[in-house]
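One-letter residues, chain by chain:
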Amino acid sequence: MTVVLSVDRVTMRFGGLLAVNDVSFVARAREITAVIGPNGAGKTTMFNCITGFYKPTGGSLKLSPPGGGEFLLERMADFRIAREARVARTFQNVRLFAGMTLLENLLVAQHNALMVASGFTVLGLFGSRAYGRALGRAVDKARYWLDRVGLAERADDPAGALPYGAQRRLEIARALCTDPVLLCLDEPAAGLNNRESALLNEFLRAVRDEYGTAILLIEHDMGVVMELSDHIVVLDYGVKIADGTPDAIRKDAKVIAAYLGVADEEVAQAEAEARQ
């Protein structure tokens, strides 16, 4: 599989706090990579470095789109990472425009393309045909993703009127309207019931398979992680302690110890017993 994101020895300090310490891993096209770990492990800090909210203290973050080119994310502003490198993100707390309709929320995600087509508003004001065609394409794309997440019938409803699970799906649809090379999802299953989690898993697998999108997610629900992920990276106190397939991670003594709070000497004993 093509490597889309290469995280190479990334470190992030906040004064005396070392939040991420010399972490390296990759995310590939047509794969779902989960970044997991106990609370305070550095997962969200890592996401913030990848998406430009933080500039890492050290290391590099290279995005390599399958079509060619290369972006050094640590050198780019967050808006350029979204617009040029095509890295899209959702947040742990849903961030929709509650007073706007579902359709309008997805049109906002296509703001950059529409602004260019409108000549930065001038052509739009005069009813340019080019702008009209661009707007038509944007509406079609928005309706397509609303249909894919099962919300097409509510396109004209305010986003704030949706139940929580539907708001999660709408936020992911909005991110997908940017045609991302890398889709970063921060706890997408948080607050969902079992049925909603199953539907989310099915949808994300379809995005991975049909579009070749590399998906990177943070998730606390281990059922979701183990069922959905192709590749798992485990952080603990800012350090990578494991990196592999769900089966390998499930059996890893260091991972089990990190989640159960087991002392280091007990980890060593468990690993020794596993080798016998």
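I will try to describe carefully the structure that is included in this document. (Residues numbered from 1 in each chain as written. Predicted model: local features only at pLDDT ≥ 70, side-chain atom pairs only at ≥ 80, totals over all residues. Heavy atoms only, no water.)

### Some details on helix 7 (residues 164–176)
The line we're drawing: Here a strand is any run of E in DSSP of at least two residues, a helix any run of H or I of at least four, and the numbering for each starts at the N terminus. One less than the residue count of a helix, multiplied by 1.5 Å, gives the span that helix is expected to have. Accessibility here uses a 1.4 Å probe with only protein chains present; expressed as a share of the type maximum, an area under 20% marks a residue as buried, one over 50% as exposed, and anything in between as partly exposed.
Relative to the 18 Å expected for 13 residues at 1.5 Å per residue, helix 7 spans 19 Å between its end C-alpha atoms, a close match to the ideal helical length. Judged by how many residues are buried, helix 7 sits mostly within the fold: eleven of 13 residues are covered. For helix 7, the full list of buried residues reads G165, A166, Q167, R168, L170, E171, I172, A173, R174, A175 and L176.

### Side note on the nonpolar core
One recurring pattern in soluble globular proteins is that nonpolar side chains are buried together. Keep this limit in mind: The term nonpolar core refers to a set of buried residues drawn from Ala, Val, Leu, Ile, Met, Phe, Trp, Tyr and Cys, joined through side-chain atoms within 4.5 Å. Only heavy atoms matter for contacts: two residues are in contact if any of them lie within 4.5 Å across the pair.
L170 and L204 are the most contacted members of the largest nonpolar core, which has 44 residues in total. The biggest single contributor to this core is helix 7, with six residues. Excluding residues within four positions of it along the chain, L170 makes contact with L96, L102, L106, L146, L151, A159 and L162. Within the second largest apolar cluster, 31 residues are counted, among which are V23, F25, V87 and V181.

### Thoughts on helix 8 (residues 194–211)
This is how the line gets drawn: In protein, a polar contact means a hydrogen-donor-capable atom and an acceptor-capable atom, both N or O and within 3.5 Å, with residues adjacent in sequence counting only if both atoms are side-chain atoms; elsewhere, any N or O pair within 3.5 Å suffices.
For helix 8, spanning 18 residues, the distance from its first C-alpha to its last is 26 Å, which sits close to the expected 26 Å at 1.5 Å a residue. Of all the positions in helix 8, only S197, L200, N201, F203, L204, A206, V207 and R208 are classed as buried. The N-capping residue of helix 8, defined by a side-chain oxygen 3.2 Å from the backbone nitrogen of R195, is N193. A positive backbone phi angle near 70° is found at G212, which sits one or two residues after helix 8.

### Examining the sheet that holds strand 2 (residues 17–28)
Pairing between sheet strands relies on hydrogen bonds along the backbone, with the strands arranged either parallel or antiparallel. Worth spelling out the cut-off: Strand pairing is assigned whenever DSSP detects at least two bridges linking the two strands.
Pairing is antiparallel in the open sheet, where four strands are placed in the order 2-1-4-5. Only two strands of the sheet have a single neighbouring strand rather than two, namely strand 2 and strand 5 (71–72). Examined bridge by bridge, strand 1 (residues 3–14) and strand 2 share eight bridges and lie antiparallel to one another. Bridge pairing links F14 to L17 in strand 2.

### Quick word on unusual backbone geometry
One non-glycine residue, R9, adopts positive backbone phi at about 55°. Relative to the assigned elements, R9 resides in strand 1. Positive phi is not limited to glycine here, since D179 has a value of about 55°. Inspection of the secondary structure puts D179 in the loop between helix 7 and strand 7 (182–186). Note on D179: relative accessible area 37%, which makes it partly exposed.

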